[in-house]
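Here are the chains, one letter per residue:
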2 protein chains.
Amino acid sequence: MNSKKYLLQESDIPTAWYNIVADMDVKPRPIINPATRQPLTAEDLFPLFSEEAARQEMNTVDPWITIPEPVRDMYRIWRPTPLVRAIGLERALDTPAKIFFKNESVSPVGSHKLNSAIPQAFYCKEQGVTNVTTETGAGQWGAALALACRSFGLDLAVYMVKISYNQKPYRRSIMQTYGAEVIASPSMSTKAGRKIITDHPNYQGSLGTAISEAVELAMSTPNCKYALGSVLNHVSLHQTVIGLEAEKQMAMADAYPDVVIACFGGGSNFSGIAYPFLRHNLKDGAKTRFIAAEPAACPKLTRGKFVYDFGDEAGYTPMIPMYSLGHDFAPANIHAGGLRYHGAGSVVSELRNQGLVDAVDIAQLEAFDAAVLFAKAEGIIPAPESSHAIAATIREAIRAKEESTSPTILFNLSGHGLIDMASYDRYLAGDLADYTVDEAVIEANTQSLTQVK
Amino acid sequence: MNSKKYLLQESDIPTAWYNIVADMDVKPRPIINPATRQPLTAEDLFPLFSEEAARQEMNTVDPWITIPEPVRDMYRIWRPTPLVRAIGLERALDTPAKIFFKNESVSPVGSHKLNSAIPQAFYCKEQGVTNVTTETGAGQWGAALALACRSFGLDLAVYMVKISYNQKPYRRSIMQTYGAEVIASPSMSTKAGRKIITDHPNYQGSLGTAISEAVELAMSTPNCKYALGSVLNHVSLHQTVIGLEAEKQMAMADAYPDVVIACFGGGSNFSGIAYPFLRHNLKDGAKTRFIAAEPAACPKLTRGKFVYDFGDEAGYTPMIPMYSLGHDFAPANIHAGGLRYHGAGSVVSELRNQGLVDAVDIAQLEAFDAAVLFAKAEGIIPAPESSHAIAATIREAIRAKEESTSPTILFNLSGHGLIDMASYDRYLAGDLADYTVDEAVIEANTQSLTQVK
């Protein structure tokens, strides 16, 4: 193991986020306001999100959006993050491929989620908001927003998917240590929660349900906004600091990726690493492949339908043109809780529709096999979510060996797994299973939805 | 929170460790071979440690010891670590003191322990050793050595203090993920373990007992060496990379510490940050104060006796001239498991004896109060051990405000607490208690030991 790091200076932290929509010839289909059946406007979103987040969401014009100085200031806590040439992993695989990874696990909450939590909290603060709500699956996003809200003096309530609330108590404690209120979802504190508990008393929750609860609380609480950790365009663009830094660092290594890989839940870390490189494909024609690594238990980009669907389980959100398994799809209880979301955002869905983005689905055991191999080879124990990106990388590296090619592969290590060791424990004990999804279930969950033409 | 980081380049990773013994006018008293009653030689240690570690342990001549290139290569995985001006904490305390911390929590195992695990594993490998044993308290050292042994292809068996084995399953899983064997101590696998289980069936273990078991296994296994994570001089000198980097970084900030603070278990992180600065005190006279922050439940430097004592519970080790609470002292089950050790090493004990090092004892609740304040102010959740250093720093910062002085304080953040959230949970629930030690217990445990004259 003598992998090489490529380090930037604080002055290299990007000064603007990249908004890929501005560079797309064929724009994503508009999100639809279900009340008017008309394309959503930024103003439609003002009751829910901070005004600046809403404006960024609808911005199809400006490719670069300036990062406010107080946000860059907080990025300095842990950014720039290292780019690593994974020589240990290359050796372990005996592959001619060159493997690089961007290490987003070095943030104080252990994942990339802070990249968007900070600006979202900042814009709320700027606007005089006092209270914020959100949902969290595995707890990575909730922990990041808890830290960001604490830093800007905002009160935060987090609906945490019940299975994670019980299986991942450490993540709950992290949010509470930063001063956030954490509620297991579904809960009796919202109409959406009460309904699903009444219908399904043993339901262990999903991101879709937790979003419904957080949105409902935000809409019924004075001076309160909602913040989302993935799926939407303003979140994705905040995450492009990952790829923009990586671009400079690949240049330091005198390299450019033939393949870019990231795990895919709602798309935040995937967009973050992919879009800055994808902009060169948009301008100069294809030179890099982009692979979204999904869990086989929740394969919306790989096997879902391109439909207009709700972002949440209860149907509170607008209709998003998305690759989806249906908003009431209940994913199996895999340990990569952050990937248990039914749909993909409108931007990545359109890119997928245009053939600019690929996807693969990875079984749970393959992901953990890859995780342990990586931990032994590179010293870092990856989050179960990130392990899907590692597994997809290993597939590419093995193929390179079989085909005697030497591609340059870049993947995003979105987070570390030190707070997920209970999952590793079960894996090491041989207690984990693989899950897949029946085609009939996908058909049944999506058949009533309008297809995107 | 807009704290400032001072970052070095990989080329700034030190090329040599600092051996403070060479610069001490009055050397530490020699460690005694109990069989011969003579001062120990390096050769006496060859059966137990790698030969190079044994030679470093006894080296009183060379102030600088070259870091082997394969070790520096592995240091590059996470070093150099950031130095941070803790402006968030300064504001939260409204103090005129300037507070800096060295952030050793950024290593892949979350603590400073890798700094010595890597060279110890390397020297074993160089010598053709195939098997290594060690003990671990909270699990920080065991996790670090598991990663280091994996990297050099060595098999590792870890005796983990039973209370931590049960209370901190995540740390156990980390070691197992890196491929180490982990045994709860006391165990039935050694004579020392069987004896104490027979005498005290419900004993929850201590570092002293776990050391006895690891030493016994090393001595009875072919081609096997033992590695220790603290206390001894060769461990302390490996850790000086912390202070040597910090010295350069303080210069970047145009500052020099008036006070240096670190938590104290066996002394590894304290020595690491303190000795490089203390060398200037030795040469130019006192300019910096050094404070070891101990738990009130295990206050050897604050309240122990300066005696010849064993390093382990069963009495397998040589007699070390140490500030000690007695080798059979059983510390209360505080959550800072890494600080539950009865004695201090011979070097720091001599420095304390000469008045060159101070110590304070911190109650468990004060440490957790400090930890949560720090997490909210600086974003990083500290390890329960490191929280003792933060509490001592806060005491100094409050005193500065009361006395209208503005000292520059540097403390070492030895590790993060993301794997210790169960402890935070209990603290937030109000379930933690304070512990102290009766003077009569210290007297009883040390009265049969020979005082150092």
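Look above for the structure.
This report concerns the structure included in the present document. Just so it is clear, the structure is predicted and the values come from calculations on it, not from any experiment. All residue numbers refer to position in the chain's written sequence, counted from 1. Chains carry letters and ligands carry numbers; both start at the beginning, A for chains and 1 for ligands, and go up in the order they are written. Only residues with pLDDT of at least 70 get local features here, since the model is predicted, and only at 80 or more are side-chain atom pairs given and counted; chain-wide, interface and lining totals rely on the full set of residues. Hydrogens and waters are ignored; side-chain quantities use all the structure's heavy atoms.

## Details of the overall build of chain A
Convention followed: In this text, helices come from DSSP runs of H or I with a minimum length of four residues, and strands from runs of E with a minimum of two, each type numbered from the N-terminal end. Throughout this description, buried means an accessible area under 20% of the type-specific maximum (1.4 Å probe, protein chains only), exposed means over 50%, and partly exposed covers the range between. When checking whether two residues touch, look at their non-hydrogen atoms; a contact exists if any pair is within 4.5 Å. Here the positive residues are Lys and Arg and the negative ones are Asp and Glu; neither His nor the chain ends is included. Each charge is placed at NZ for Lys, CZ for Arg, CG for Asp and CD for Glu.
Helices and strands together make up the secondary structure of chain A, namely 19 helices and 15 strands. Dimensions of chain A, computed from C-alpha atoms along their principal axes, come out at roughly 55 × 45 × 45 Å. Scored against the burial criterion, the 453 residues of chain A give a buried share of 68%. A sequence separation of at least 24 residues applies to 77% of the contacts in chain A between residues at least 6 apart. With 40 positive and 49 negative side-chain charges, chain A shows a separation of 2 Å between the mean positions of the two kinds.

## Looking at the nonpolar core
The line we're drawing: The definition of a nonpolar core used throughout is a set of buried Ala, Val, Leu, Ile, Met, Phe, Trp, Tyr and Cys residues joined through side-chain atoms within 4.5 Å.
Within the largest apolar cluster, 104 residues are counted, with the highest numbers of intra-cluster contacts made by Trp17(A), Tyr75(A), Ile118(A), Trp17(B), Tyr75(B), Ile118(B) and Val132(B). Those residues in contact with Ile118(B), other than ones at most four positions away along the chain, are Val71(B), Met74(B), Tyr75(B), Trp78(B), Ala148(B) and Phe152(B).

## Some thoughts on the pattern of salt bridges
Keep this limit in mind: Salt bridge criterion: a side-chain nitrogen from Lys or Arg within 4 Å of a carboxyl oxygen from Asp or Glu.
Inspection of the entire model under this criterion finds 58 salt bridges over all chains. Put simply, Arg29(B) and Glu350(B) hold a salt bridge, and the shortest N to O gap is 2.5 Å. Here the residue Arg29(B) occupies a position in the loop between strand E2 (16–18) and strand E3 (32–33), and Glu350(B) occupies one in helix H15 (residues 346–353), the gap between them amounting to 321 residues. Of the charged contacts in the structure, one is a salt bridge between Glu69(B) and Arg76(B), with a shortest N-O distance of 3.5 Å. A residue is classified by how much of its surface remains accessible, and Glu69(B), at 42% relative accessible area, is partly exposed. Here the salt bridges share partners, and the residues they tie into one network are Lys5(A), Glu10(B), Glu69(B), Arg72(B), Asp73(B) and Arg76(B).

## Some remarks on the relation of the copies chain B and chain A
So the rule is basically this: Least-squares fitting of one copy onto the other uses the C-alpha atoms of those residues that reach a pLDDT of at least 70 in both copies.
When chain B is brought onto chain A, the operation consists of a screw motion whose angular component is 180° and whose axial shift is 0.0 Å, with 0.0 Å RMSD remaining. The superposition of one copy onto the other is thereby described by a two-fold rotation axis. Take the interface residues of chain B: 100% of them recur as interface residues in chain A, which is what a same-surface contact looks like.

## A few points about the pairing of strand E13 (residues 319–324) of chain A
Residues and elements named next belong to chain A. We count it as follows: In this analysis, strands are considered paired if DSSP registers two or more bridges between them.
Counting buried residues in E13 gives 6 out of 6 residues, a clear majority hidden from the surface. The alternating pattern of E13 places Met319, Pro321 and Tyr323 and Ile320, Met322 and Ser324 on opposite faces, both of which are buried. When strand E12 (residues 305–310) meets E13, the two strands line up antiparallel, connected through 6 bridges. Looking at E13, one finds that valine 307 is bridged to methionine 322.

## Digging into the sheet that holds strand E6 (residues 131–136) of chain A
Strand pairs in the sheet, formed through backbone hydrogen bonds, run parallel or antiparallel to each other. All names here are of chain A. Note the threshold: Only the contacting stretch of a helix is used when fitting its axis, a line to C-alpha atoms as for every element, and angles between N-to-C directions run 0 to 180 degrees.
The strand order E8-E7-E6-E9 describes an open sheet built from 4 strands, whose pairing is parallel. The open sheet has two free edges, formed respectively by strand E8 (181–185) and strand E9 (224–226), since each of these has just one partner strand. Looking at each pair of strands side by side, their axes are set apart by 25° on average, direction ignored. With 6 bridges connecting them, E6 and strand E7 (residues 155–161) associate as parallel partners. What sits directly across from asparagine 131, in E7, is aspartate 155. Lying over the sheet, helix H8 (residues 169–177) contacts E6, E7 and E8, oriented at roughly 175° with respect to E7. Contacting E6, E7, E8 and E9, helix H10 (residues 207–219) crosses the sheet at an angle of about 170° to E6.

## Examining the state of the cysteines
Residue and element names in this part refer to chain B. Let me state the cut-off plainly: Cysteine sulfurs are considered disulfide-paired once they come within 2.5 Å of each other.
In the structure shown here, the tally under the stated rule is 0 disulfides over all chains. Note on cysteine 149: no disulfide assigned, nearest cysteine sulfur contributed by cysteine 124 at a separation of 7.1 Å. The thiol of cysteine 298 is unpaired, and the distance to the nearest cysteine sulfur, on cysteine 263, comes to 12 Å.

## Regarding the sheet that holds strand E4 (residues 83–85) of chain A
Residue and element names in this part refer to chain A. With mixed pairing, the 7 strands of this open sheet are ordered in space as E1-E4-E5-E15-E10-E11-E14. The two strands at the open ends of the sheet, each matched to only one other strand, are strand E1 (4–6) and strand E14 (358–362). Between one strand axis and the next, the sheet turns by 25° as a mean value, whatever way the strands run. Helix-sheet contacts for helix H13 (residues 268–284) involve strand E5 (98–103), strand E10 (259–263), strand E11 (289–295) and strand E15 (408–413), and the interaxial angle to E10 is about 160°. In the packing of helix H16 (residues 364–378) onto the sheet, contacts are made with E4, E5, E14 and E15, and the angle to E14 comes to roughly 95°.

## As for helix H9 (residues 191–199) of chain B
Note on helix geometry: an α-helix contains 3.6 residues per turn, so any two residues three or four positions apart are oriented the same way. Residues and elements named next belong to chain B. Note the threshold: This arc describes the spread of directions from the helix axis toward the C-beta atoms.
Residues of H9 that are buried: Ala192, Gly193 and Ile196. Down the axis of H9, the sector holding all buried residues measures 95°, keeping them to one side. Seen from the buried face of H9, the exposed residues on the opposite side, beyond 90 degrees, are Lys191, Lys195 and Thr198. Packed against the buried residues of H9 are helix H10 (207–219).

## A short note on the interface of chain B and chain A
Note the following rule: Two parts placed together each lose some accessible area; with a 1.4 Å probe, that loss summed over both constitutes the buried area. Under the scheme applied, nonpolar residues are Ala, Val, Leu, Ile, Met, Phe, Trp, Tyr, Cys and Pro; charged residues are Asp, Glu, Lys and Arg; polar residues are all the others, including Gly.
Every contact between the two is made by 42 residues of chain B and, on the other side, 42 residues of chain A. Buried area between chain B and chain A, summed over both chains or domains, comes out near 3,800 Å², and the portion from carbon and sulfur atoms is 59%. For the pair chain B and chain A, the number of links is 4 salt bridges. Sort the elements by how many residues they give to the side of chain B that touches chain A and helix H8 (residues 169–177) of chain B lands first, with 6 residues. For the side of chain B that touches chain A, the class distribution of residues is 20 nonpolar, 10 polar and 12 charged.

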